[in-house]
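Spelled out from the first residue to the last, the chains are:
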Amino acid sequence: MSLKRKNNIWLFLVLLGMFVATAVVVCCILCVDNFSEGDDQSEVEDSEAEVLVTQDLELLNPDVKSETQKIDFQPVVEEWAESIGGDKGVFIYDLDRDETAANYNSTEKYSTASLYKLFVVYEGYRRLEGGEWQADAPAGSTGYTIKECLDLAIRQSHSPCAETIWREIGHEELQKIVEEEFGVSDTSVGNLVSTPEDIAAMLKIYYYHSDIENADLVAQMKDSFLTQPITEYNWRQGLPSGFSRANVYNKVGWDYNPNGGYWNIYDDAAIVEFSEDKRNFIVVVMTNHVSYQQVRTLGTMIENQYVLKN
């Protein structure tokens, strides 16, 4: 065989080898690409499966929050307000939808009467939670401990307890806390003046109680708004007595004129819980020359509207 022929054969073999090597590399790249695409597809399928599982859980588990039915109480509130005399302000807040459900003169200022205790008591509980105060320490000359006084100030609207706690906090200090930490801007605790919206904002703080985690304190606080025995007064003659299907956690404040036979002030602030439906609302009524019977009627109208629309 000639040298030229041998060289051609070797050149052919080299070129063939290069072609085979190139083909192998290309195949490998295609295989890798195909594997990656398969991986991506798997991730998509897994993601879709997770969505389906989540949807199934939402259907099977009633505790998984879904879109909550909107209840419009505005027509009811306006009907009630226009049917009676006196001054009145109302604010209803839907806690589950985090939105206003009704308002009527809700930014007008009214006398708080004993609703001032809402601000005093919550700050007292915060100080127990933080260890600044001791639960079993005496509350001045009241004959009660601090923890007992915080309970009685709501449960029975015990004024000596509330005033003692207030002095211990400091009047100016409490006002500063209300404005800067509670974020309530149209309230003067010392002058006993607030608005339905400000009182609702305070009840919202009670509802979430994000800075009070002690289970015993939370349980006491909650029960003091719900279990209020009739003593000299009936603390639950207003809003709570208007509801039959809900738990009503409330605090009242009033000033009755026995000579005139009318209520100078009747305020009722409540967290209304329809526990079977897991629906919660804040209802605040602040009035002048409006009776507790009329406030009770508003409670019934609110419940009837809830049942109708829910």
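Within every chain, residues take consecutive numbers counted from 1 along the sequence as written. In keeping with the predicted nature of the model, local features appear solely for residues at pLDDT of at least 70, side-chain atom pairs appear and are counted solely at 80 or more, and the whole-chain, interface and lining totals rest on all residues. Here the side-chain values reflect all heavy atoms present in the structure, with hydrogen atoms and water set aside.

### Some details on the sheet that holds strand β1 (residues 87-94)
Ordered in space as β2-β1-β7-β6-β5, the five strands form an open sheet in which the pairing is antiparallel. With one partner strand each, in any of the chains shown, β2 (99-104) and β5 (247-257) form the two edges of the open sheet. Averaged over all pairs of adjacent strands, the angle between their axes in this sheet comes to 5°, without regard to strand direction. Both β1 and β2 contribute to a ladder of five bridges, which runs antiparallel. Bridged to Phe91 within β2 is Asn103. Here, residues are in contact when the closest pair of their heavy atoms is within 4.5 Å. Interaxial angles span 0 to 180 degrees and are taken between N-to-C directions of axes, which are lines fitted to C-alpha atoms, for helices over the stretch in contact. Only DSSP runs of H or I reaching four residues or more are called helices, and only runs of E reaching two or more are called strands; each is numbered from the N terminus. The strands that helix α2 (residues 74-83) touches are β1, β2 and β7 (279-288); relative to β2, the one it contacts most, it runs at about 15°. Note on pairing: DSSP must find at least two bridges between two strands before they are called paired.

### Observations regarding the packing of aromatic side chains
Pairing of aromatic rings covers Phe, Tyr and Trp, the last through its six-membered ring, and needs centres within 6.5 Å; plane angles under 30 degrees mean stacked, over 60 mean edge-to-face, and all others mean tilted. Taken as a whole, this structure holds 20 aromatic pairs when the rule is applied. Feature note: the residues Tyr233, Trp235, Trp254, Tyr256, Trp263, Tyr266 and Tyr292 constitute an aromatic cluster, connected by ring pairs.

### Some details on the pairing of strand β6 (residues 262-274)
Each residue's exposure class comes from its accessible area (1.4 Å probe, protein chains only) as a fraction of the maximum for that residue type: buried when under 20%, exposed when over 50%, partly exposed otherwise. The element β6 is extensively covered by neighbouring structure, given that twelve of its 13 residues are classed as buried. Sheet topology places β5 next to β6; eleven bridges connect them, and they run antiparallel. Within β6, the position partnered with Gly253 by the bridge is Asp267. As consecutive antiparallel partners, β5 and β6 are separated by four residues, and within that stretch Gly261 has a phi angle of approximately 70°, a positive value. Judged from the nine bridges that link them, β6 and β7 form a sheet pairing that is antiparallel. The residue of β7 that forms the bridge with Val272 is Phe281. If you look at the hairpin formed by β6 and β7, you'll find four residues sitting between the two strands, and Lys278 has a positive phi there, around 55°.

### Comments concerning the packing of helix α3 (residues 117-129) against helix α6 (residues 171-180)
The geometry of α3 relative to α6 is characterised by a closest axis approach of 11 Å and an angle of 90° between their N-to-C directions. On the basis of the axis angle, α3 is roughly perpendicular to α6. Here Phe119, Val120, Glu123, Arg126 and Arg127 of α3 come into contact with α6, specifically with Glu173, Leu174, Ile177 and Val178. For the contact of α3 with α6, the class distribution of residues is five nonpolar, no polar and four charged. Relative orientations are named as follows: roughly parallel for angles under 35 degrees, roughly antiparallel for angles over 145 degrees, roughly perpendicular for angles from 65 to 115 degrees, and oblique for any other angle. Residues are grouped as follows: Ala, Val, Leu, Ile, Met, Phe, Trp, Tyr, Cys and Pro are nonpolar; Asp, Glu, Lys and Arg are charged; all remaining types, including Gly, are polar.

### Quick look at the environment of Gln305
Residue placement: Gln305 occurs in helix α10 (residues 292-309). The class for Gln305 is buried, based on a relative accessible area of 11%. Placed 232 residues apart in sequence, Gln305 and Phe73 show a C-alpha to C-alpha distance of 7.0 Å. Sequence-distant contacts of Gln305, that is, excluding residues within four places in its chain, are made with Asp72, Phe73 and Val76.

### A word on the confidence of the model for the protein
For every residue, the pLDDT score states the predictor's confidence, bounded by 0 at the bottom and 100 at the top. For the protein, the average pLDDT comes to 85, and 79% of its residues sit at 70 or higher. Every residue in residues 1-15 is under pLDDT 50, and counting partners more than four places away or in other chains gives two contacts. In this model residues 23-66 is a low-confidence stretch, pLDDT under 50, and it forms four contacts with partners more than four residues away in sequence or in other chains.

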